[in-house]
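# Structure at a glance
Given next are the chains, with one letter for each unit.
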Amino acid sequence: ILFSLCRVCMEKWKLAWACGILEGEGTFSRDSGKYQTGQSPSPRIKVGMTDKDTIERLHAVFHMGKLYGPYRNGDNPNHNPLFVWQVHRRVEVLSILHSILPFMGTRRTQRIRALLKEFDGRPIRPSREFIAERNASILSCLRAGQSRFAIGHDFGLTYRQIASIERAARYL
């Protein structure tokens, strides 16, 4: 029991350490999305610094996001390279924002609350890969003779949506 309590305590210390880094170096922003690629707006967390070990440790605390770098840090060749930890996926960003909110200062708390207000209740838009795979499954069900009504019920779509997928497949 003592070992598990120490682990919980250690995890809280790791989270508190990460919150300190995020408070001082973190950026909490909103990607506008890209109309051409069909991406919808999403929240983002980003930390950039020259200390690679700190960025790797931050990534290890949350087990989310990606590491980028090294990047050239300005025109001066004496500057150390820049390393970046960034979280793009909305589910991951919201999870991190909820976990760090109690530890953050006033200005960061206001920014985090604004992002949570905007994105926490939004439905998550499925990826193109998911939609393509779903449509392929729907088409195979149609070829097998299953009714549009039954397929719509199974996939949570309307009769018209199933018919639209079927029409679009004719042009591929």
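A brief report on the enclosed structure follows. All values reported here derive from a predicted model rather than from experimental measurement.

Before going further, it helps to examine the environment of Ile-55. Residue placement: Ile-55 occurs in helix α2 (residues 52–62). On the accessibility criterion, Ile-55 (2% relative accessible area) is buried. In this structure, the C-alpha to C-alpha distance between Ile-55 and Tyr-68, residues 13 residues apart in sequence, is 9.5 Å. The residues contacting Ile-55, other than those within four sequence positions of it, are Val-47, Met-49, Leu-67, Phe-83, Val-84 and Trp-85.

What follows covers unusual backbone geometry. In this model, Gly-69 is joined to Pro-70 through a cis peptide bond whose omega is 10 degrees. As for its position among the elements, Pro-70 is in strand β3 (residues 66–71). The backbone phi angle of His-63 is positive, close to 55 degrees, even though this residue is not glycine. Mapping His-63 onto the fold places it in the loop between α2 and β3. Its relative accessible area of 65% is what places His-63 among the exposed residues.

Closest axis-to-axis distance for the helix α5 (residues 128–143)/helix α6 (residues 148–155) pair is 10 Å, and the angle between their directions is 150 degrees. Considering the angle they form, α5 stands roughly antiparallel to α6. Classified by chirality, the crossing of α6 by α5 is right-handed. Here Arg-134, Ser-137, Ile-138, Cys-141 and Leu-142 of α5 come into contact with α6, specifically with Arg-148, Ile-151 and Phe-155. Of the residues contributing to the contact of α5 with α6, the split by class is 5 nonpolar, 1 polar and 2 charged.

The rules behind the values
Residues numbered from 1 in each chain as written. Predicted model: local features only at pLDDT ≥ 70, side-chain atom pairs only at ≥ 80, totals over all residues. Heavy atoms only, no water. Helix = DSSP H or I, 4+ residues; strand = E, 2+ residues; numbered from the N terminus. Buried < 20%, exposed > 50% of the residue type's maximum accessible area, 1.4 Å probe, protein only. Contact = heavy atoms within 4.5 Å. Axes fitted to C-alpha atoms, helices over the stretch in contact; angles between N-to-C directions. Parallel < 35°, antiparallel > 145°, perpendicular 65-115°, else oblique. Left-handed = near helix turned anticlockwise from the far one by under 90°. Nonpolar A, V, L, I, M, F, W, Y, C, P; charged D, E, K, R; others polar.

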